[in-house]
Amino acid sequence: MRTRYAFFNIAAGLGNQLVITALSFLSRTVFIHSLGVEYLGVNALFTSMLAMISLAEAGIGASITYQLYKPVAQDDRPRILGLMRLYRRAYAAIALVVLALGLLVLPLLPVVVRDTGVEHLELIYVLFVLNTALPYFFIHRHSFLNVNQKNYIVTLSFTGATAAATLLKILVLIETGSYMLYLLTECGITLAATIGVAVAAGRMYPYLRSKEAAPIDPETKRELKKNVKAILLQNVGSYFIFGAESLVISSFVSVIAVGLYSNYKMLIDISRNFIYQISNNLYHSVGNLVAQESRERIYAVFRGMQLMNFWLYSCAAIVLYAVIEPFIRAWIGGAYVMEAAVPALLLLLFFERGMRNAVATVKTTAGIFREDRYAPLLQAAVTLGGAVALVGPLGISGVFLGSLIGALAIPFWLTPYWVYRKVFKLPLRRYFTVYARYVAVGGAACAAVLLVCRFLPADGWTAVAARLAAALAVPNLLYWALFRRLEEFAVLAGAARRIAEMLAGRLRPGAGRAGSEAKQTQ
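Keep in mind that what you see is a predicted model, and the values were worked out from it rather than measured.

Student: Looking at this structure, how should I read the pattern of salt bridges?
Tutor: Opposite charge on two side chains lets them pair, provided their charged atoms get close. Overall, the coordinates contain 10 salt bridges when judged by the stated rule. Its salt-bridge partner being R437, residue E488 comes within 3.8 Å of it at the nearest N-O pair. Residue E488 is found in helix α20 (residues 487-503), and its partner R437 is found in helix α18 (residues 429-453); the two are separated by 51 residues along the sequence. By relative accessible area, E488 is classed as buried at 6%. By relative accessible area, R437 is classed as partly exposed at 36%. One connected set of salt bridges, linked through shared partners, spans K265, D269 and R272.

This is how it looks when you write it as structure tokens:
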């Protein structure tokens, strides 16, 4: 059943990403031609600033979601209702805190947005705050669908909403050229979609409306408080690691530079989101696995996920490095191309963070929150200190070099340390031995692709197509030749076979349950 739900979730996520990707390019193209790079920079900067608002949700949401895995697996409805009631109240408090904190930032806008001709900057920022805060009043049931491995419902709902919002925003820009109306359209549709998914969850699980909630015992409350504090500390650090890049660029370089960087970030985020649809939709399956299976089984699945993450993230990084500059030239022009060091550093960060996904998934689903709660704050200090120190002599590249130094200094080794110590109970050298092997293979694949690209066109859509073909073919052939006999490849191949059987109709709904019942009667 885990495989079946994972398949639905992955299929919905990938379909969603295909639609969103096509619309993103169309919307970004219309946005640039209608409003220009300065508005693009402001849009990217405020999106980054408001990312900090989600920190409170991450602290409470991740902790309560962790607590929900076991009662959902056992169908313990009174306990589920008690946690969901706590969840609803927490989200309502978060919405109010978000509004208050967001509005407190208003006086700082002239400091972080310098030398801009964008009008009504304060009102634009308020719309961003409202668009971030208001959905929290209705979002508590979304995570319940995720824990039940039915996040494809959330995904499909937001696919439709995003598609409608994007098309309407494009129409608004073409007809009026109004950025304010553009933002109002997005706010309205986002709120409507959030409410719609909450209503759908209530209809699918009518008992969520019941008043017969079990009181949360003091021990669980204490654990929740500890986990919330730990995750909140982690996410405050994470915001300053990932969200402050745009702030540093805007403050020390220019808001236009933020706009140029946002195009590269969009392309990398599109790739990350495609991969995320696979890894995130497996996240809740791993959560159920950790709750029910042996340490050996969890470790076997982890090794398969580790190989999958390397394969996907390294291939994506190599493809992007080969095509990103000719793609931007062909898409919106050479004026939007940045210095060569920028994509190189961004893609090293992309690969390093991606390789950490498997071990971070096990860490979170196993409830390891407090042990490294200060690590992101330390990483943030190293990252910001490096970025501010290096932005002067190196320019925008110094910001991303600071981020890479911070990542390698702290989470690169600390996250696997806690997972191998507390979950797998294995020596850490096993992780880094496998990691080093993957890096060596990925480096060889990248070098081979760059060698092939020297003989291919450098500009135009022909160059993009030729480089894309080479960057897809070379790493995948190499990886298949090297990894096809590994046990972790067998784990991935087994999952792929089960999905293929499902597609062929061999894995019928209820078949696994019937087989299990048959075994129990023997």
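The discussion continues.
Student: Before we go on, may I ask you to explain a positive patch on the surface in this structure?
Tutor: On the surface, a cluster of positive charge is made up of R88, R89, K211, K221 and K225. At the level of secondary structure, the elements contributing two or more residues to the positive patch comprise α4 (77-104) and α10 (218-252). Take R89: its relative accessible area is 54%, and that puts it in the exposed class.

Student: Would you mind showing me how to read the packing of aromatic side chains here?
Tutor: In this description, a pair of aromatic rings is defined by centroid distance and the angle of the planes. Counted according to the given criterion, the structure contains 38 aromatic pairs. Judged by centre distance (5.4 Å) and plane angle (75°), the rings of F46 and Y125 are edge-to-face. Here F46 is found in helix α2 (residues 37-50), whereas its partner Y125 is found in helix α6 (residues 121-133), with 79 residues between them in sequence. Each member of the pair, F46 together with Y125, is buried. Judged by centre distance (5.0 Å) and plane angle (45°), the rings of Y261 and F400 are tilted. Residue Y261 is found in helix α11 (residues 255-292), and its partner F400 is found in helix α16 (residues 396-409); the two are separated by 139 residues along the sequence. Judged on exposure class, the residue Y261 and its partner F400 are both buried. Pairwise contacts between aromatic rings join Y299, F302, F412, Y420, F424, Y431, F432 and Y435 into one cluster.

Basis of the calculations
Residues numbered from 1 in each chain as written. Predicted model: local features only at pLDDT ≥ 70, side-chain atom pairs only at ≥ 80, totals over all residues. Heavy atoms only, no water. Salt bridge = Lys/Arg side-chain N within 4 Å of Asp/Glu carboxyl O. Helix = DSSP H or I, 4+ residues; strand = E, 2+ residues; numbered from the N terminus. Buried < 20%, exposed > 50% of the residue type's maximum accessible area, 1.4 Å probe, protein only. Patch = residues over 30% accessible without salt bridge, like charges linked within 9 Å, V, L, I, M, F, W, Y side chains within 5 Å. Areas by Shrake-Rupley, 256 points an atom, 1.4 Å probe, with all protein chains shown as cover. Lys, Arg positive; Asp, Glu negative; His and termini not counted. Charge placed at Lys NZ, Arg CZ, Asp CG, Glu CD. Phe/Tyr/Trp six-rings, centres within 6.5 Å; stacked < 30°, edge-to-face > 60°.

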